[in-house]
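# Coordinates in review
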Amino acid sequence: MSESDEIPSNDVPRPEGRSDARMPRWLPRAMVLALALVACFQLATWGFHQLITLLLNVLIAFFLALAVEPAVDWMAARGMRRGLATGLVFLSILVVAAGFFALLGSMLAGQIANMVEEFPQYLDSVISWINNTLHTHLSRVQVQNNLLKSDWLQKYVTDSANNVLAVSATVLGSLFNLLTVALFSFYFAADGPRLRRALCSVLPPHRQTEVLRAWEIAVAKTGGYLYSRGLMALISGIAHYVLLEILGVPYAPALGMWVGLVSQFIPTIGTYLAGALPILIAFTVDPWYALWVFGFVVIYQQCENYLLQPRITAKTVDIHPAVAFGSVVAGTALMGAVGALIAIPATATLQAFLGAYVKRYEVTDDPRVHGRRERGVRALARLRRNLHYAQPSAPLEDRKAGATRAEDQDVS
């Protein structure tokens, strides 16, 4: 065999500056895995955005079920079936809500009817003021014709007619969401023990204890928040109803319910929304009545913040006002109105759960901790002790014992 017929060897030397251009074996798998992870992330993001409304409805239903569960447990402990007890609780809530909206609707209907009846008088007074001030010669018929033939009014009517379908869809969607929340909350409250058993069945025993403890704290705090707010709404509604009835403002019962419910169950801005409507209606009766209502709203709010609320919520949702305000702001930023509604009970639950596991220590005896008053008390006690040591009539042991008793009395 000649040298030209020899099989080429793999050990042929490569030119300098060139390396093996073959692809590593792990690179295709890594690329496929990365593409699969990106696709899964995109799919999960798309699914989350599609189901965000349902998830928010389930979250609201869960907190509503936690709020009504104490009442359901109380009736179930007395022999009533949980389904029937849950139905009675939700029926009571429905009756209260229907009564509130009925009173509010009657008030709004009455005000709208009064405005329609008195609109010609308002228009005549405005036209008379314009004629006397600007020396014009306007008439009601001329103004009405100009309004009816104006472009912006025709455009508004056309846009409203075109948006009827969108408004109807929004109303139907809201009713569907309300029905979804009611259905889920009913099942969560009625099947609470079964739901807890199903959740604990997939956890080890030590995790089951922690989950049940967290669930119990959540029920206590959420129910306490709802009932304390309901009690404060009742007190606020009665107080404002009495004032409006004394002043002779129309629709006093509906306005009292409005102030009580809106001021307590709408965080942060509820007080201002609640007080604006009775002030406006009182202004239509007499401007001085509006001033009286405004002053009463401000004074009552201060009394509620410093007298009623600390005593009512001391054993339910005892959290610092700054923490409550921060939680409402954070909840609004994360989930909008839903986050604002559930922020305070969620924060109270988290605070109580952490308080059960965080170890606390005794605070050191330092004036920088206790403040100036404590520092002054201890300085006075030290001065009395030195003066007692300076008395030569008593033995040393008696003087020390007396000084210790004096210091204890001053500090206490």
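Up top is the structure.
Now for a look at the structure at hand. Numbering of residues starts from 1 in each chain and follows the order in which that chain's sequence is written. With the structure being a predicted model, the display of local features is reserved for residues of pLDDT at least 70 and the display and counting of side-chain atom pairs for 80 or more, all residues being used for whole-chain, interface and lining totals. Each side-chain value is derived from all of the structure's non-hydrogen atoms; neither hydrogens nor water enter the calculation.

## Focus on the overall build of the protein
Test applied: Helix and strand definitions here come from DSSP, where helices need a minimum of 4 consecutive H or I residues and strands a minimum of 2 consecutive E residues; each element is numbered from the N-terminal end. Only protein chains enter the accessibility calculation, which uses a 1.4 Å probe. A residue is then buried if its area is under 20% of the maximum for its type, exposed if over 50%, and partly exposed in between. Between two residues, a contact is recorded if the distance between any of their heavy atoms is within 4.5 Å. Using a 1.4 Å probe, the Shrake-Rupley method yields the accessible areas, and only the shown protein chains count as cover for residues.
For the protein, the helix and strand inventory stands at 14 helices and zero strands. For the protein, with 412 residues in total, the buried portion stands at 25%. Sequence-distant contacts, at least 24 apart, represent 62% of the contacts inside the protein between residues at least 6 apart. When the accessible surface of the protein is totalled, it reaches about 29,100 Å², and 67% of it is carbon and sulfur.

## Re the side chain of R229
Counted only if it meets this: In this count, Lys and Arg are taken as positive residues and Asp and Glu as negative ones, while His and the chain termini are left out. Salt bridge, as used here: a side-chain nitrogen of Lys or Arg that lies within 4 Å of a carboxyl oxygen of Asp or Glu.
Relative to the assigned elements, R229 resides in helix α7 (residues 205-247). Comment: no salt bridge for buried R229; closest opposite-charge side chain is E304, at 5.3 Å. Dropping the residues within four chain positions of it, R229 is found in contact with Q264, F265, Q309 and I344.

## A look at the pattern of salt bridges
Applying the stated criterion across every chain yields a total of three salt bridges. Across the salt bridge formed by E69 and R196, the nearest N and O atoms sit 2.8 Å from each other. Highlighted residues: E69 in helix α1 (residues 26-76) and R196 in helix α6 (residues 192-200), separated in sequence by 127 residues. For the pair shown, E69 and R196 are each scored as buried. For D73, the salt bridge is made with R82, and the minimal N-O distance between the two is 2.7 Å.

## Thoughts on the packing of aromatic side chains
Under the convention used in this document: A pair of aromatic rings is counted whenever rings of Phe, Tyr or Trp (Trp by its six-membered ring) have centres within 6.5 Å, and the orientation is called stacked for planes under 30 degrees apart, edge-to-face for over 60 and tilted otherwise.
Scanning the entire structure with this criterion turns up seven aromatic pairs. On the numbers, 6.1 Å between centres and 85 degrees between planes, the contact of F62 with F63 is edge-to-face. F62 gets classed as partly exposed once you look at its relative accessible area, which sits at 29%. Given the relative accessible area of 16%, F63 is considered buried. Aromatic pair F186 and Y187: ring centres 5.8 Å apart, planes at 75 degrees, arrangement edge-to-face. Judged by its relative accessible area of 27%, F186 is partly exposed. Aromatic rings pair up to connect F62, F63, F184, F188 and W215 into one cluster.

## Digging into the nonpolar core
Rule in force here: Definition used in this section: a nonpolar core is a set of buried Ala, Val, Leu, Ile, Met, Phe, Trp, Tyr and Cys residues joined via side-chain atoms within 4.5 Å.
Grouped together as the largest cluster of nonpolar side chains are 20 residues, with contacts concentrated most on M107, V249, L255, W258, L277 and V293. Residue assignment for this core shows that the elements contributing at least two residues are α2 (82-134), α7, α8 (252-265), α9 (270-285) and α10 (287-312). Sorting elements by how many residues they give to this core places α8 first, with six residues. A85, V89, V181 and A189 belong to the second largest nonpolar core, which has 11 residues in total.

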